[in-house]
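Observations on the three-dimensional arrangement
The primary structure of each chain is shown beneath.
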Amino acid sequence: MRKSVFAVLLSLAMILTACLKENSKPEYPFDAMVLGVNSDCGIYAIKILTGLPEVKSIVGSTAGDSIFIAGNLPLSLQTEGEIISLAVRARKQKK
């Protein structure tokens, strides 16, 4: 009887610890401030606040210091001055 109870408790403990894996990479690892609509293209611009070297390695350099165009910024985040968390991706090549 004791062995079966111990086996059940051990199995339960293993299942619970296996389900508690932490994600080492956050889904939205960078912080930025929404600057407003860019006058050149009418798309919102953002200023990267954290992780600028990583962002530049993914996106590439820009003409401005830490300012990028946010082409896929959801409507709910299009508020000038708002601090947002985001992920970035490499630019798509035009065909």
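I will try to describe carefully the structure that is included in this document. (Residues numbered from 1 in each chain as written. Predicted model: local features only at pLDDT ≥ 70, side-chain atom pairs only at ≥ 80, totals over all residues. Heavy atoms only, no water.)

**Some points on the side chain of Ser66**
Mapped onto the elements of the fold, Ser66 is located in the loop between α2 (52-59) and β3 (67-69). Overall, Ser66 belongs to the buried group, its relative accessible area being 4%. Polar contacts involving the side chain of Ser66 include one to the side chain of Lys47, which spans 2.9 Å. Look past the residues within four positions of Ser66 in its chain and what remains in contact with it is Ile46, Lys47, Ile48 and Leu52. (Helix = DSSP H or I, 4+ residues; strand = E, 2+ residues; numbered from the N terminus. Buried < 20%, exposed > 50% of the residue type's maximum accessible area, 1.4 Å probe, protein only. Polar contact = N/O pair within 3.5 Å; in protein donor to acceptor, adjacent residues only side chain to side chain. Contact = heavy atoms within 4.5 Å.)

**Points about the pairing of strand β1 (residues 30-37)**
Note: β1 against strand β4 (residues 83-86), 4 bridges, orientation antiparallel. Pairing of Phe30 across the sheet is with Leu86, part of β4. Inspection of the sheet shows β1 paired to strand β2 (residues 44-48) by 5 bridges, in the antiparallel sense. Paired with Val34 across the bridge in β2 is Ile46. Taking the residues between adjacent antiparallel strands as the criterion, β1 and β2 are bridged by 6 residues, where Gly42 takes a positive phi near 75 degrees. (Pairing = 2+ DSSP bridges.)

**Comments concerning the nonpolar core**
In summary, soluble globular proteins display a tendency toward joint burial of nonpolar side chains. Ranked by size, the top nonpolar core spans 13 residues in total, and within it Ile46 and Ile84 carry the most contacts. Those elements giving two or more residues to this core turn out to be β1, β2, α2 and β4. If sequence neighbours within four positions are ignored, Ile46 has contacts with Ala32, Met33, Val34, Leu35, Ser66, Ile67, Phe68, Ala70, Ile84 and Leu86. (Core = buried A, V, L, I, M, F, W, Y, C linked by side-chain atoms within 4.5 Å.)

**Notes on the environment of Ala45**
Relative to the helices and strands, Ala45 resides in strand β2. Under the relative-accessibility criterion, Ala45 is labelled buried at 7%. Placed 33 residues apart in sequence, Ala45 and Gln78 show a C-alpha to C-alpha distance of 9.6 Å. Apart from residues lying up to four places away in sequence, Ala45 is in contact with Met33, Val34, Leu35, Gly36, Asn38, Ile67, Phe68 and Ile69.

Interpretation in functional terms is not warranted from these geometric data alone.
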